[in-house]
Amino acid sequence: MKDGARTKRAMLALADGRVFTGYAFGAVGEAVGEMVFNTAMTGYQEVLTDPSYCGQLVCMTYPEIGNVGVNEDDAESARIYVEGLIVKECWRAPSNWRSRMSLDEYLERSNVVGIEGIDTRALVRHIREHGAQQGVVSSIDLDPVSLVAKAKAAPSIVGCDLVRRVTCEAAYDWELGEWELAGGFKRVSPEEMRNRPRVIAIDYGIKRNILRRLTAAGFRVRVVPAFATAQEILAQGPDAIFLSNGPGDPEAVDYARDAVAALLGKRPIFGICLGHQILALALGGKTYKLAFGHHGANHPVLDLKTGRVEITSQNHGFAADEASLRGLAELSHVNLNDRTIEGLRGLGSPFFTVQYHPEASPGPHDADYLFRRFYRLTELFARYGAQALERLQSEQ
Amino acid sequence: MGRRQDLKSVFVIGSGPITIGQACEFDYSGTQALKALKEEGLRVILLNSNPATIMTDPEFADLTYIEPLTPEVAAEVIGRERPDALLPTLGGQTALNLAIELAENGTLERFGVELIGASLAAIKKAEDRDMFRQAMLKIGLDLPASVIARSTEQAEHAVEKLGLPVIIRPSRTLGGTGGALARDHAEFRDKVERGLTSSPSHEVLIEESIAGWKEFELEVMRDRADNVVIICSIENLDPMGVHTGDSITVAPAQTLTDKEYQIMRDAAQRIIREIGVDTGGSNIQFAIHPETGRMVVIEMNPRVSRSSALASKATGFPIAKIAARLAVGYRLDELPNDITRKTPACFEPTIDYVVTKIPRFAFEKFRDAADELGPQMKSVGEAMAIGRTFKESLQKALRSLEIDSFGLESPNGAGLKGLPRAAILERLRTPSSRRLYYVADALRLGVSVEEVCAESRIDPWFVRSVAEIVEVERELSAAGLPAKERLREVKGMGFSDRRIGELTGAGEIKVAHYRRRLEVKPVFKTVDTCAAEFQAFTPYLYSAYEGEDESRPSSRRKIMILGGGPNRIGQGIEFDYCCVHASLALREAGYETIMVNCNPETVSTDYDVSDRLYFEPLTFEDVSAILEVERPEGVIVQFGGQTPLKLAGSLARAGARILGTSPDAIDRAEDRERFNALVQTLNLKQPRGMLARNAQEALDGAASIGYPVLIRPSYVLGGRAMEVIWDEKGLKAYVTQALMASETRPLLVDRYLEGAVEVDVDAIADGERVVIGGMMEHVEPAGIHSGDSACVLPPRSLTSALLAELSRWTKLLARELGVVGLINVQYAIFHDEVYVLEVNPRASRTVPFVSKAIGVPLAKLAALVMIGRKLSSLGFTEERIPRHISVKESVFPFSRFPGVDPLLGPEMKSTGEVMGIDDSFAPAFARAQTAALTPLPREGTVFLSVRDADKSRIESLASGLSRTGFHLVATEGTARYLRALGFACKTVNKVAQGSPHVVDLIRSGKIAMVVNTPEATGAVDSASIRRTALERRVPYFTTIAGAQAAAEAIAALKQRSLSVRSLQDYHRE
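Scoring rules and cut-offs
Residues numbered from 1 in each chain as written. Chains lettered and ligands numbered in written order. Predicted model: local features only at pLDDT ≥ 70, side-chain atom pairs only at ≥ 80, totals over all residues. Heavy atoms only, no water. pLDDT = per-residue confidence, 0-100. Helix = DSSP H or I, 4+ residues; strand = E, 2+ residues; numbered from the N terminus. Buried < 20%, exposed > 50% of the residue type's maximum accessible area, 1.4 Å probe, protein only. Polar contact = N/O pair within 3.5 Å; in protein donor to acceptor, adjacent residues only side chain to side chain. Contact = heavy atoms within 4.5 Å. Pairing = 2+ DSSP bridges. Buried area = accessible area lost by both parts, 1.4 Å probe. Salt bridge = Lys/Arg side-chain N within 4 Å of Asp/Glu carboxyl O. Nonpolar A, V, L, I, M, F, W, Y, C, P; charged D, E, K, R; others polar.

1. Let's talk about the confidence of the model for chain B
For chain B, per-residue confidence averages 93 on the pLDDT scale, and 98% of positions sit at 70 or higher. Two summary scores accompany this predicted model of the complex, namely pTM at 0.95 and ipTM at 0.97.

2. Brief notes about the side chain of Thr526 of chain B
Within the element layout of this structure, Thr526 of chain B appears in strand 17 (residues 523–526). Given a relative accessible area of 8%, Thr526 of chain B falls into the buried group. Looking at Thr526 of chain B, its side chain comes within polar contact range of the side chain of Glu550 of chain B, at 2.6 Å. Discounting residues that sit within four places of it in the chain, Thr526 of chain B has contacts with Arg121 of chain A together with Ala536, Thr538, Tyr540, Leu541, Tyr542 and Glu550 of chain B.

3. Looking at the pairing of strand 17 (residues 287–303) of chain A
Residues and elements named next belong to chain A. The element strand 17 is largely enclosed, with a buried count of 14 among its 17 residues. Where strand 17 lies against strand 18 (residues 309–320), 10 bridges are found, and the strand directions are antiparallel. Paired with Leu302 across the bridge in strand 18 is Val309. In sequence, strand 17 turns back onto strand 18 through a hairpin of five residues, with Gly307 there showing a positive phi of about 80°. Here strand 17 runs beside strand 19 (residues 329–335); their pairing, made up of three bridges, is antiparallel. Counterpart to Val301 in the pairing with strand 19 is Asn335.

4. So, the interface of chain B and chain A
At the junction of the two partners, chain B supplies 67 residues and chain A supplies 58 residues. Summing both sides of the interface, chain B and chain A together bury roughly 5200 Å²; the carbon and sulfur share of this comes to 50%. Between chain B and chain A we count 14 salt bridges in total. Between Arg125 of chain A and Glu550 of chain B there is a salt bridge; the shortest N-O distance is 3.5 Å. Taken together, the links from chain B to chain A amount to 38 residue pairs in polar contact (both at pLDDT 80 or more). Put simply, the parts of the chain that give the side of chain B that touches chain A at least two residues each are strand 11 (228–236), helix 9 (258–275), helix 12 (390–400), helix 16 (460–479), helix 17 (484–492) and strand 17 of chain B. Looking at which element gives the most residues to the side of chain B that touches chain A, the answer is helix 9 of chain B, with 10 residues. Residues that form the side of chain B that touches chain A fall into these classes: 25 nonpolar, 15 polar and 27 charged.

5. Let's talk about the pattern of salt bridges
Residue and element names in this part refer to chain B. Inspection of every chain in the model, using the stated rule, returns 121 salt bridges over all chains. Close ionic contact of Arg388 with Glu546 constitutes a salt bridge, the shortest N to O distance being 2.8 Å. Here Glu546 lies in the loop between strand 18 (540–544) and strand 19 (558–562) and Arg388 lies in the loop between strand 16 (381–387) and helix 12, a separation of 158 residues in the sequence. Given a relative accessible area of 8%, Glu546 falls into the buried group. A salt bridge links Asp441 to Arg444; the nearest nitrogen and oxygen atoms lie 2.7 Å apart. On the criterion of helical spacing, the pair formed by Asp441 and Arg444 is a turn pair, its members being three residues apart in helix 14 (residues 435–444). You can call Asp441 buried: its relative accessible area is 3%. Among the residues examined, Arg444 registers a relative accessible area of 23% and is labelled partly exposed.

And the structure:
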């Protein structure tokens, strides 16, 4: 059944010396990265292709992975960004009407290392107790001593600018909207596009579903590289600016922080994840590294204004520091599990940001309204300028 | 928001007797809810007719009414107690239906009672198929094309448009009663008619068949602030067409991409909002076309359900408990997640294991019922298993079923081998209780995965998993015991030692030794709702062959309790009740308790009940692995029924200390030869009997004992395969069948004491003192299984001398066996002499009933006695004979099995029980009958047809009925006899005599009650009478004694109306 499965050994070593042995799948080779775990039970393909995972080894806590194979529509970017995938069991023979390829084959073709047969729960508990750390997965070096040494030697993600590795090289326009069971993604015609408000999305490692949700909300979307300066962006005459998700330490992306600082107040801004953190830095706030981050699709987030709870998709290892932002922005959302900051709103400045992923993919759609809210903010900004956010608040 | 301060008291309705489709999952949800409501300081009033439940224990509610679940009774309870609110969503369909009636007949309004959890409008919108359909279309969701019909004409019209096949679903029935697939026109007509009859609202839904589509369920919760979370997704291995209760189900969903899952999740949120379930849990079912992905909504249950119990156990999220708190005003984010303590209940559990549930069937009990599954539920219980992979959880679930299956063996030994290809494919096509085994067997015989999928419509993902198991079986058969590392992998796929032993030829014991030598042992992982993201504080564990063990056993004094496994006829909720009591009592006594069980429906598998919960199969291998880790100072096996009892010997040999009565004493009572010796030693009397090891011995024995004889295989519970045999011909037929079925087990042949009165005695012993718990006189005569017979406590017709004798015998037996704990003895009184029929030195089915009747928690006392306490120190030193009369009546699943003769006999067939309490027998019996879902008529015509042997006893029955104003009608022989006695009695044709005959009469609704005692050998002739009565819901009695009791009860009903009285009030006496 499992042709060639579970014949080649592989090993995972962590910087603190913990070693796990299992079997190789995907590409034969070795990968280094920060070891994190994701607790979402669906959406491994979206996780693999999320640029925010650049520099990380990902362990899926759900034990059966690969069940539904992979397909074109579920990719969040042009390629796999996860450095290595760690699972309990990898399914070679997928079953789903949309599947085009097995996970194993996908990884192999993308030259990404996978390891299965791991006690992933033990691994997760280890990370929970000892924090995220560097790790190595290898199917070519099976010497634990050598692997641990490699993991120890690997540079920490802190202070490392990973955005430059994932951002697009040149600006481009986006024209696909929401996905439907029958018919796939909706394409918006050029004529229709022409009359839409224009949002510039700064690509720190943007997920395609953010672009689709912005398009579905009514925007005309143009994506620009992370290095774009405020001047360059404003020169394109945007109606609104979007700050995307992305990998790694926000403090390492000083060029992005500077650009955002220069854009604040000039246009309505909406930021997600790394975009939220960069904006926090641009305001003068601080960010810090979480023990093992939030990676999953079940995190409860409280909207402090409405008292409603959203179940959210999350993927971040850093967070904005609340104390450092007092007086600079209003806290709008908070994580109910650990009370970390989940959202900020401008004080007089027309922006709002969230730490979590309203575009989901994978994960629940509870927070999708934020894209429509951003669209409304953009409309109000056109009419009321700096008062737009206040107007928006009173409408809600 | 917090709890609503305007609510002071809440009325909760339970689900009544255990029936197919409504089992002890509602005791689990109800018990959780009651605990939560009481913790909130609310005054809780409970109505439930089922005495075998934990929820009806007097300490779980402030006032417990064990009374029939009728609108009249409920109204009276409401009138007396004036609750502020009624919570209708925790007692299954029964409670929901009753709540609808109370709302619609104005009771709730009259007494100012608010419906909480779900409003009447929401319930109706979810339950009424037409309204539900409209609601779904309104929010843009897809459904199978369908038409509502309220008559056969409308139905005919509808099917012209839809084409065959179609599904016919009657509205508002539980467990899909009457739901059926119609492939051709004849089937269609038959099933529409049946559906219209069984629907309380006399309507059926005729629906486009989506048989073969993938089936999914989501468990959804909503709070007052409109927060909606999905607790669990469930995928059915059996595709659409098989009732979800009869399907093998897996959590979480395995074959959906995130996009597809989120579409389903969005739909579920929209549905619960549109239907308007304010707070609490709902179950929503979806179907997905396997090739196009088209998703349709199937139905929604606006209440907790069997699936929500499963989801709770599968995720560790206590749906019912949270639902109860939401109903009284809390928001999800105001409630903590009990397992992590630090995070809120407002989240979606994520799991890092796979859960498989497999239903347990009872087709062997209903010989004329076809083992075929469809939209109408037929299973009587279920087992659940947790594994790190699907394969592991599947194989663990299989051995949890306790059907002598330890893996995917070939069905009936030979399996499909030698069958023509067409027959093999047919087995794959037809859903049955054995289909998964057929799938494995077909793969073994070289049928391809693709073919198996095409025929069975089971998703390839599941079939491939089975194929991988079969592949490893092949490897084991060919290569023998694998080396260490491979063995660990094989064990990780869920292979039991027993199965590996079979496949390799090494045998279970050798495999176990080999495995131990190689140190291939399971570890224990935690069910924690969060995939280890947060620390868990509740030790809810399952085994896996992995690297890290999380069990962390304590060094406290601890006792392990083995549960009863899946419910089945003969071993149900009563045993779980006892296990829960043992755990509660021992915890109170300062011990740590460890529960082991694999039944997701039960209270015992609530992680709140015991200090530690192991959700594991109850096999020697699995239990001994836990013993090795926990090393408890004792193990209790006598509370979970036959399942743990069977393990007692092997566990003791493996070094476990079995608490209470010794395994040897148990064997002395169960082993026929040793039992005979015991009876002789004590100078007691038993019916003449013998042990037959082959057919000739049985025939010779029966001849010397004299017919009729009672025959059965030894070591069975629930009278499995037990029969009264009237002559040699019958015996020959029986022996050929039974010897095949039971191989090594000898047959017991006993004299059948025809017409004897049976008495059950439950007692408790501490090794020194024996105290009678209760004596129950059966209403039906000997020959009807004690679990099926109605009984009364205290006995109503026995002399005090006889009672004293029963007490004396019971004490002698208990002392001689050295019973420490509970003992149950069954007696027959025949011509004023006492005979002992059987002795069970363990908890019996009647323990909860007796405990509630006498107001003493026998199972708790028994648990304490087993750890060395004395009855004197526990304050229970003499029998308590209550002033009130308690009647237990049984409830049967016959309506689920078309074509089966609803006749009682020595083999147990009931699924549940109810209790009626009053100050004399007749009204107590009337209550029990009403509660048993067959309310007695007050007027009309009674049909009588009795066998010759009963004619002499018919006079008092007939005069009782006539006095109460009933008309009599009878078939020729009986009518002549009655007229000769001076009764006015009309004659009606037997069926064989042609129309208009008695069945026509019943069908036309002209008969209010049927008394039909069939000739022992000619029962088949009258089967259609009983069957029709059953289908038309006409009360029927198959013994004169039962009918006599009914006549008395009717007279009592006509004399005065029955007022209600709480259990707490009765116990104050």
